[in-house]
Number of protein chains: 2
Amino acid sequence: MAKELKELTKRADNYSQWYNDLVVKADLAEQSAVRGCMVIKPYGYAIWEKMQRQLDDMFKQTGVQNAYFPLLIPKSFLSKEAEHVEGFAKECAVVTHYRLRAKDDKSGVEVDPAARLEEELIIRPTSETIIWNTYKNWIQSWRDLPLMCNQWCNVMRWEMRTRPFLRTSEFLWQEGHTAHATREEAEAEAQKMLHVYAEFAEKWMAVPVLQGVKSETERFAGALDTYTIEAMMQDGKALQSGTSHFLGQNFAKAFDVTYLNKDNRPEYVWATSWGVSTRLIGALIMTHSDDNGLVLPPKLAPIQVVIIPITKGADQLKAITERLTPIVEGLRAAGISVKYDDADNKRPGFKFADYELKGVPVRLVMGGRDLENNTLEVMRRDTLEKETVSLDGIVEYVEKLLGDIQENIFEKARKFRDDHVYECNNYEEFKEKVKNGGFFLCHWDGTAETEAKIKEDTQATIRCVPFAYEQTPGVDMVSGKPAKCRVIIARSY
Amino acid sequence: MAKELKELTKRADNYSQWYNDLVVKADLAEQSAVRGCMVIKPYGYAIWEKMQRQLDDMFKQTGVQNAYFPLLIPKSFLSKEAEHVEGFAKECAVVTHYRLRAKDDKSGVEVDPAARLEEELIIRPTSETIIWNTYKNWIQSWRDLPLMCNQWCNVMRWEMRTRPFLRTSEFLWQEGHTAHATREEAEAEAQKMLHVYAEFAEKWMAVPVLQGVKSETERFAGALDTYTIEAMMQDGKALQSGTSHFLGQNFAKAFDVTYLNKDNRPEYVWATSWGVSTRLIGALIMTHSDDNGLVLPPKLAPIQVVIIPITKGADQLKAITERLTPIVEGLRAAGISVKYDDADNKRPGFKFADYELKGVPVRLVMGGRDLENNTLEVMRRDTLEKETVSLDGIVEYVEKLLGDIQENIFEKARKFRDDHVYECNNYEEFKEKVKNGGFFLCHWDGTAETEAKIKEDTQATIRCVPFAYEQTPGVDMVSGKPAKCRVIIARSY
């Protein structure tokens, strides 16, 4: 067995360490020389590219266009929306100078004090401020609305405790920023984009999510409402996987963005913003993977099928390669990404373990007996089940298998999630059970005090008021006060 | 005629102003609130996306993989390669703090002096240093080579004089960084990627380029050789449109990156880097566009065909739309991006001028008489020629026309370029002629002194030693000294 694989921590031993190990061993990412910033390695980046391509198509289908806004934001812009600056000022990377100079002793370079900026610039933690400052010039009349832009970019939040993909100082994301004539339209847009995220999570990542609305405490800084998709990891913790914000007229007022309505009267514009980030890769890893390594959904796997010949000598390799070449071509013609691995410097056992570690959904192996029998050994990564299959009709077989795997890992994750959602009415019971993870559906009195007490007692937070849950009023398990609805409470990443 | 169009400066009056006007009026980009940084608007960004998609495919076909490295670079990294720091330290955006705090008088935020970084971080002007610091861990043996990564990202160079796309403080680009076992392989890689750039420029952008190698003065900071593609703008000035660098072992030595060769002995790794940026959009605009606006090559035009109905009343609009719907679908099925513009709040004349301004390659118009005759009026943007064409076979007609336009604008640009390349042997003649633009093929003695004198006298610089030119030795026109070859000298952007 491959050395890398043997060293992978078991989930049951230390789930957190297993995750950190896996990110590095599967060549997804690594820590960089800059605190809290990661290097996304080619294999990890290939997953992100597949995510981007699909999400980008989905956004464009709703009429969104891509654009690009500056990386740097004038310090004064942040202050224009009171809650926004409160939320982001404490974790900003600040540019103060625009030049270095050689040190006198030639031992290196130092900041040139003569090159101090008049106003400091912030590396964007998110772009509402610079974008609404721009939208001011783009919006005059109702005919300019809705205005719907998205950008794919890097952002920076100076986090103190970081983990690859889940929480890093720099991360890659997309941020959509839309402007609308009415409150209703903006609210509908914020919810529509949440649904896009949910559809992407479930159909592409095979990650089941609960959609809902955040409590006031957990809202985005400057939003009137924050909608969220919440996924459950294998340790029962929640991972907020995407958010969509109804911003009301807060940014329009902060940046004085008005439009002339059909009656030629000026009105403030209504806004939304919404984003998902490289955090999705973390969600993907933690939802499906196992003690052997990654389990990737076929729709997002950089390599969907690996084919490995096992041969004795060059003649047999040649015969097997000849037999397999039309198979490789047939799979590729069907739009399947295939790697044919006939490298002679690694033993089959090493390759098997390595592709399991990397989460390649389907492995095809041909040895001497298969060559005689015109068969292949097929292994599916999700269940590790093996089967011997005829070469005839293998393309259709693999296509179907990839679909089955996609469906199976989603169903498995959904069952796990559903098995760990509990209605709970008793705080003592809650405090005991929440230690083991899971989503708790509990009545909440709507106060920040109760929310704070739960967090202090248990580290768990209110994840959202779920949409897909038939609500009945009840009694808050903590305060004993009346509660309008149940919320989902969980520990989270 | 549309107001926007009337206000576009004529090229003959002020080429530079024409360009600035056009960038704004065609909705490509605008100045942002941050000095020297632009906002790339959706129409401009759509061109960049098309460029990215094609270049990315071409890179991957050569075996390059995408990855992502941190935005911020520790200051000390820059100093590790002596020429590199010399080249970039003077235009760096420097992050010194990681937190803001509320001012005492609550009037805004200020830098929190307690949050000073131990070591300042530089926003990447290019990523050789952080990438080679990473490669150190990725490369152990000859089996790890070649290592070929590319990243699409933003970079920052604090330019004092900026122009949209051509020179901005922040710009988008791709940077490829490859590591090789031998000098020969690295040199071949640097040249291969230059050829990829040249092919992209000519076949996709329809911009003819001269490939060549830079003089020592004009080399990338830290390179042993810089290869370049040079395009000629309509004012006869050169635009450096892409560069590929053979870096020798400079960065391997600076970051101590060695590999064990087949004899198990450590050797320093050989490197290349290569990049093109949003500057390509500037090259595209300045090569083809005219006094009516943009002329875009069909292969990169966000909208390839616009269809405009000209109707009297709703019944006729309905009849025309019914007739045109299968045409729109047929064109889209052929992979052509089509906009059907039946907006009723703009007059046809305004639309015509606007799509000319935006450089849409083909315009189709159907009026009442066309409806009767089953015809369309076709206008091609490059020549502004109109023709009336039957609806039968229109899809094939348009496909062919798009190909013709692509070819025609390339040939036109090539003829213009070729007509403005001069062999020149007399410095007085050169000084007089270079004022009017053009590429001058002149013998050069190879000294930096001669190069500096030419620049001082005429503002022109040595663009490159061109590859595709049969060289014979001669006499330097400035110094009278022997010269091995001719170089291209031109004023440039």
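With an unreviewed UniProt entry as reference, chain A is termed Proline--tRNA ligase, source organism Xylanibacter rodentium. Listed under Subunit (unreviewed entry) in UniProt, the entry text for chain A is "Homodimer." Check the Subcellular location (unreviewed entry) section of the UniProt entry for chain A; it says "Cytoplasm".

Peer 1: What's the story with the pairing of strand S9 (residues 147-156) of chain A in this structure? I'm lost.
Peer 2: In summary, the side chains of a regular strand alternate between the two faces of the sheet. Residue and element names in this part refer to chain A. Taking burial as the measure, the ten residues of S9 include ten buried ones, the bulk of the element. On S9, burial covers both faces: Leu 147, Cys 149, Gln 151, Cys 153 and Val 155 on one face and Met 148, Asn 150, Trp 152, Asn 154 and Met 156 on the other are all buried. Looking at chain direction, strand S3 (residues 65-66) and S9 are connected through two bridges and run parallel. Each residue of the ladder has a partner; that of Gln 65, found in S9, is Cys 149. In the sheet, S9 pairs with strand S10 (residues 170-180) via ten bridges, with the strands oriented antiparallel. Pairing of Val 155 across the sheet is with Phe 171, part of S10.

Peer 1: Whenever I open this one, the sheet that holds strand S12 (residues 225-232) of chain A confuses me. Can you help?
Peer 2: What holds strands together in a sheet is hydrogen bonding between their backbones, with the strands either parallel or antiparallel. Spatially, the eleven strands line up as an open sheet ordered S3-S9-S10-S16-S13-S12-S11-S24-S27-S23-S22 (chain A), and their pairing is mixed. Of all the strands in the sheet, just S3 and strand S22 (421-423) of chain A have a single pairing partner and so form its edges.

Peer 1: Could you clarify how one ought to interpret the interface of chain B and chain A in this entry?
Peer 2: Think of interface size as the accessible area that goes away when the parts come together; that is how it is often given. Facing the 65 residues of chain B at the interface are 65 residues of chain A. The contact between chain B and chain A buries some 5,200 Å² in all, and 65% of this surface belongs to carbon and sulfur atoms. Our enumeration of links across chain B and chain A arrives at two salt bridges. Glu 49 of chain A is the partner of Lys 60 of chain B in a salt bridge, and the nearest nitrogen-oxygen pair spans 2.9 Å. Examining the composition of the side of chain B that touches chain A, we find that six residues originate from one element, helix H3 (residues 42-61) of chain B, more than from any other. Along the lines of polarity and charge, the residues of the side of chain B that touches chain A split into 38 nonpolar, twelve polar and 15 charged. Sheet topology note: the strand S5 (residues 94-97) of chain A/strand S5 (residues 94-97) of chain B ladder contains three bridges and is antiparallel. Considered in S5 of chain B, the bridge of Val 94 of chain A is made with His 97 of chain B.

Basis of the calculations
- Residues numbered from 1 in each chain as written.
- Chains lettered and ligands numbered in written order.
- Predicted model: local features only at pLDDT ≥ 70, side-chain atom pairs only at ≥ 80, totals over all residues.
- Heavy atoms only, no water.
- UniProt positions renumbered as here; feature names shortened; annotations may be inferred.
- Buried < 20%, exposed > 50% of the residue type's maximum accessible area, 1.4 Å probe, protein only.
- Helix = DSSP H or I, 4+ residues; strand = E, 2+ residues; numbered from the N terminus.
- Pairing = 2+ DSSP bridges.
- Contact = heavy atoms within 4.5 Å.
- Buried area = accessible area lost by both parts, 1.4 Å probe.
- Salt bridge = Lys/Arg side-chain N within 4 Å of Asp/Glu carboxyl O.
- Nonpolar A, V, L, I, M, F, W, Y, C, P; charged D, E, K, R; others polar.

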